[in-house]
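Listed here are the chains, written in short residue letters.
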Amino acid sequence: MVERLARSQAPVHIAGESGTGKELVARLIHARSPRSAAAFVPVNCGAIPSELMESEFFGHLRGSFTGASRDKVGLFQAAEGGTLFLDEVGDLPLHMQVKLLRALQERAVRPVGAEAEVPVNVRIISATHKDLGKLLAQGSFRQDLYYRLNVIEIRTPPLREHVEDIPLLAEAILRRLAQSNGLASPPKLDAEALRRLQAYGFPGNVRELENVLERAVTLCDGSRISAAELQLRGDVAAPLAAATAPGEAPRAAGGGFEDQMEEIERRAIREALEKARYNKTKAAALLGMSFRSLRYRIKKLGIE
């Protein structure tokens, strides 16, 4: 999808939870596009004070307001010929949404204090962890701007929907951490630690995985990372861990916590498969997970 979007000049909106890599996707689209030689300019729309937004986006002329001691180039002009990434676009106040819409429609901006508009050539990629559809219904996001930004939408899935990628992600993160910490080789996750990571819900997604592993690298002996050194928050298991029947207590399966959790998962998956008449797509929907994740769990748990 990134390769296809890179060939286009259409605005792209990236939807996904915090920590799922929305900016990474935006950077990849830019890097593979004909605009790659020009600047990629990221801006967090929720981090700019409302009274400074117009100046930040469009620039200003010296003397245009108190404190404007010199001309300032805005973000649109800084991204000339390249890509402007509007992160957390759902946080834009309504007055700024109007000005942004005009800039997109006219392909020009008017710096604060200037009499004429300045043409700009930028590609817009936006992102948010919020549901723009809900903001639209609530009247806090303009419909015309929504359709201007959301020409093509791409979704970054939460980590819990692709737990089979955790070993590869962890390996890459540990390799980078080892290099930055001056370690001769990256520490390895032991089998129990890896199982615990794949059973954890990761509300903070890949960003949380990075934080967990950075802490574990600090705490471990330098060669192996145990489950205890992960220090997962409350050792919260993935959503399937809560999938027992109403009123049914978790059944001990012998062999400790991990065996009990796996037994609960097996039972929940089998029940869902039976209800769906062994249609895995329908069973995945009943369990609130992706087909790919269900297929992985069936294989991992040895379910016939």
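It should be noted that the structure appears before, not after, this text.
Residues numbered from 1 in each chain as written. Predicted model: local features only at pLDDT ≥ 70, side-chain atom pairs only at ≥ 80, totals over all residues. Heavy atoms only, no water.

Draft legend 1. Structural context of helix α2 (residues 22–31). Along α2, the residues classified as buried are Lys22, Val25, Ala26, Ile29 and His30. Projected onto a plane normal to the axis of α2, the buried residues spread over an arc of 135° and lie on a single side. At its buried positions, α2 is contacted by α1 (2–7), β1 (12–16), β2 (40–44), β3 (83–87), β6 (123–128) and β7 (152–156). (Buried < 20%, exposed > 50% of the residue type's maximum accessible area, 1.4 Å probe, protein only. Helix = DSSP H or I, 4+ residues; strand = E, 2+ residues; numbered from the N terminus. Arc of directions from axis to C-beta. Contact = heavy atoms within 4.5 Å.)

Draft legend 2. A look at the environment of Ala228. Structurally, Ala228 can be placed in helix α11 (residues 227–230). For the pair Ala228 and Gly90, spaced 138 residues apart in sequence, the C-alpha separation works out to 39 Å.

Draft legend 3. Representation of the pattern of salt bridges. Under the counting rule described, the total for this entry stands at twelve salt bridges. Lys72 serves as the salt-bridge partner of Glu56, at 3.8 Å between the closest nitrogen and oxygen. Pair noted here: Glu56 is in helix α3 (residues 53–58) and Lys72 is in the loop between α3 and α4 (75–78), with a separation of 16 residues, a long-range link. Residue Lys72 is classed as partly exposed on the basis of its relative accessible area of 25%. The salt bridge partner of Glu192 is Arg196, with a shortest N-O separation of 3.3 Å. You can see Glu192 and its partner Arg196 sitting in helix α9 (residues 191–199), four residues apart, about one turn around the helix. Take Glu192: its relative accessible area is 34%, and that puts it in the partly exposed class. (Salt bridge = Lys/Arg side-chain N within 4 Å of Asp/Glu carboxyl O.)

Draft legend 4. Representation of the sheet that holds β7 within the structure. As summarised here, the arrangement of the five strands in space is β2-β3-β6-β1-β7, forming an open sheet in which the pairing is parallel. The open sheet terminates on both sides in strands that have one partner only, identified here as β2 and β7. The sheet shows a mean angle of 20° between the axes of neighbouring strands, taken without regard to direction. The pairing of β2 with β3 spans five bridges and is classified as parallel. In the strand pairing of β3, Phe40 is matched with Thr83. (Pairing = 2+ DSSP bridges. Axes fitted to C-alpha atoms, helices over the stretch in contact; angles between N-to-C directions.)

Draft legend 5. Up close: the packing of helix α13 (residues 280–287) against helix α14 (residues 291–301). Their axes nearest at 9 Å, the elements α13 and α14 cross at an angle of 100°. Here α13 is positioned roughly perpendicular relative to α14, judged by the angle of their axes. Only Phe291, Leu294 and Ile298 of α14 make contact with α13, whose side of the interface consists of Lys280, Thr281, Ala283, Ala284 and Leu287. Split by residue class, the contact of α13 with α14 holds six nonpolar, one polar and one charged. (Parallel < 35°, antiparallel > 145°, perpendicular 65-115°, else oblique. Nonpolar A, V, L, I, M, F, W, Y, C, P; charged D, E, K, R; others polar.)

Draft legend 6. Region of the structure containing the layout of surface pockets. Taken as a whole, the largest pocket spans an internal volume of roughly 680 Å³. In terms of lining, the largest pocket is formed by 26 residues, of which the most central are Gly19, Thr20, Gly21, Lys22 and Leu24. Secondary-structure elements contributing two or more residues to the lining of the largest pocket are α2, β7, α8 (166–180) and α10 (205–219). Looking at which element gives the most residues to the lining of the largest pocket, the answer is α2, with six residues. In this structure, the second largest pocket encloses a volume near 230 Å³. In terms of lining, the second largest pocket is formed by 13 residues, of which the most central are Pro11, Leu104, Arg107, Val122 and Ile124. (1 Å grid on protein atoms, 1.4 Å probe; cavity = no way out; pocket = protein on both sides within 12 Å on 5 of 7 lines; lining within 4 Å. Points joined across faces, edges and corners; volume = space filled by probe spheres on them.)

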